[in-house]
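# Examination of the molecular architecture
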Amino acid sequence: MSAVGRFGGQVAIVVGGGQDVGLGVAMRMGREGASIVLVEGDRVRGECSADLLDAEGIEGRLLLGDPADPAAAKWAMTTAKLVWGRVDVVVYADPMEDVSGPLHAVGPKILDALYRNDVRGPLQYCKAVMSAMMERGYGRIVMVASEIGMQGQAGRSARSASQAALIGLTKAVAMSVVDTGVLVNAVVRSDAQDLTEGAVSTVCWLASSECSFTTGMTFEVGGGQS
């Protein structure tokens, strides 16, 4: 892939790159010049996504494993550094299926799984890349959250809480690196499939140098619902 376009010469880690928004972001950024490290927990989805990138001539590497495992974050950063010598962007694209449920059915195992994915996972990627980004004075981190983190939803109380925590984490990380050149934002997407393209476009703008100042913000792509 040539080094032209918004992401020419850049390297992006896309977590959850085998699913709708994550795959869309990886494809869009790759077409615009980025090299991609795909992190995906499902082998079939991951290999399918890697094949799609390859068919487009997009340079990338597929890392299969639990995206929320701290080792996966270190592995992704190490791969980016060893292969391309840098990392410019991290997109954490909500890689876990919903395991929530009615309030009376929510137990410690469900809570632990959700917070592991929605809070600990993205925090590990921030920690893995932040020193290198700050040293270069440039970096973009974008979290993809669900609309239930903003408004709650009956029957999905645990996921609503963990997604709200992800949004709060985004703001906290952003404020901790103000004036370093690293911008951290969240895109809150609707579950409606016809809004996926809008979410992809918003993520890619936030991940690019066109977003030169905005940080700690939450952008809703939800068809008018808040």
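This structure is a prediction, so every number in the text was calculated from the model and none was measured.

## Let's talk about the sheet that holds strand β4 (residues 89-92)
- Read across the open sheet, the seven strands follow the order β3-β2-β1-β4-β5-β6-β7; overall the sheet is parallel. Looking at the sheet topology across the chains shown, the edges are occupied by β3 (60-64) and β7 (218-221). Direction aside, the axes of adjacent strands within the sheet are offset by 15 degrees on average.
- Here strand β2 (residues 35-40) runs beside β3; their pairing, made up of five bridges, is parallel.

## Some remarks on the environment of Met29
- The topology assignment puts Met29 in helix α1 (residues 20-31).
- Given the relative accessible area of 0%, Met29 is considered buried.
- Not counting residues within four places of it along the chain, the set of residues in contact with Met29 comprises Phe7, Ala12, Ala34, Ile36, Val89, Cys204 and Ala207.

## Looking at unusual backbone geometry
- Even without being glycine, Asp179 reaches a positive phi, approximately 70 degrees.
- Within the secondary structure, Asp179 sits in the loop between α6 (157-176) and β6 (182-189).

## Here's the deal with the side chain of Thr215
- Along the chain, the position of Thr215 falls in the loop between α7 (196-206) and β7.
- With residues near it in sequence (within four places) discarded, Thr215 still touches Ala174, Met175, Val182, Leu183, Val184 and Asn185.

## Quick look at the packing of helix α4 (residues 108-136) against α6
- Look at α4 against α6: their axes get within 8 Å of each other, and the N-to-C directions meet at 15 degrees. Taken together, the axes of α4 and α6 are roughly parallel relative to one another. Between α4 and α6 lies a crossing whose hand is right-handed. Residue-level contacts link Ile110, Leu111, Leu114, Tyr115, Asn117, Asp118, Val119, Pro122, Leu123, Cys126 and Met130 of α4 to Ala158, Arg159, Ala161, Ser162, Gln163, Ala165, Leu166, Leu169 and Val173 of α6.
- Taken together, the residues of the contact of α4 with α6 break down into 15 nonpolar, three polar and two charged.

## Here we look at the packing of aromatic side chains
- Here the structure, examined in full by the defined rule, presents two aromatic pairs.
- Relative to Phe219, the ring of Trp205 lies with its centre 6.2 Å away and its plane at 75 degrees, an arrangement referred to as edge-to-face. With a gap of 14 residues between them, Trp205 in helix α7 and Phe219 in strand β7 connect regions that are remote in the sequence.
- Note on Trp205: relative accessible area 29%, which makes it partly exposed.

## A word on the pattern of salt bridges
- Within the structure shown, the criterion is met by eleven salt bridges.
- Arg6 serves as the salt-bridge partner of Glu210, at 3.5 Å between the closest nitrogen and oxygen. One end of the pair, Glu210, is in the loop between α7 and β7; the other, Arg6, is in the segment before β1 (11-15), with 204 residues separating them in the sequence.
- Where Glu56 meets Arg31, a salt bridge forms, and the shortest distance between an N and an O atom there is 3.0 Å.

## Observations regarding the confidence of the model for the protein
- Overall, the predicted model of the protein reaches an average pLDDT of 91, with 94% of residues at or above 70.
- When mean pLDDT is taken per element in the protein, β4 scores highest with 98 and helix α5 (residues 148-151) scores lowest with 84.

## Quick look at helix α3 (residues 70-84)
- Given a rise of 1.5 Å per residue, 15 residues ought to cover 21 Å, and the 21 Å separating the end C-alpha atoms of α3 matches this to within 8%.
- Taken residue by residue, α3 has Ala72, Ala73, Ala76, Met77, Thr79, Ala80 and Trp84 as its buried positions. Taken end-on, α3 shows its buried residues confined to a sector of 155 degrees, consistent with a single buried face. Away from the buried face of α3 by more than 90 degrees, exposed residues Lys74 and Leu82 are located.
- Residues of α3 that are buried in the fold lie against β1, β2, β3 and α4.
- Immediately downstream of α3, the backbone of Gly85 shows phi near 80 degrees, a positive value.

Rules and cut-offs
Position numbers for residues start from 1 in each chain and track the written sequence from start to end. For this predicted model, a pLDDT threshold of at least 70 governs which residues receive local features, and a threshold of 80 or more governs which side-chain atom pairs are given and counted, while totals over whole chains, interfaces and linings are taken from all residues. Values reported for side chains reflect all heavy atoms of the structure, with hydrogen atoms and water molecules removed beforehand. Pairs of strands are assigned from DSSP output, requiring at least two bridges between the strands. By the criteria applied, helices consist of DSSP H or I runs no shorter than four residues and strands consist of E runs no shorter than two, each listed in order from the N terminus. With axes taken as lines fitted to C-alpha atoms, and helix axes fitted only over the stretch in contact, angles between N-to-C directions fall between 0 and 180 degrees. A simple rule labels every residue: compare its accessible area, found with a 1.4 Å probe on the protein chains alone, to the largest value its type can have, and call it buried under 20%, exposed over 50%, or partly exposed in between. Whether two residues are in contact is decided by their heavy atoms, any of which lying within 4.5 Å being enough. The scheme is simple: roughly parallel for angles under 35 degrees, roughly antiparallel for over 145, roughly perpendicular for 65 to 115, oblique for anything else. By definition, any crossing whose near helix is turned counterclockwise from its far helix by less than a right angle is left-handed, and any crossing with a clockwise turn is right-handed. Any residue that is not Ala, Val, Leu, Ile, Met, Phe, Trp, Tyr, Cys, Pro, Asp, Glu, Lys or Arg is counted as polar, Gly included; the first ten are nonpolar and the last four charged. Here the aromatic set is Phe, Tyr and Trp, taking the six-membered ring for Trp, and pairing holds for ring centres within 6.5 Å; pairs whose planes are under 30 degrees apart are stacked, those over 60 apart are edge-to-face, and all others are tilted. One speaks of a salt bridge when a side-chain nitrogen belonging to Lys or Arg is within 4 Å of a carboxyl oxygen belonging to Asp or Glu. Per-residue confidence from the predictor is reported as pLDDT, a score between 0 and 100. To estimate how far a helix should reach, multiply one less than its number of residues by 1.5 Å. Throughout, the arc means the angular range of directions from the helix axis out to the C-beta atoms.

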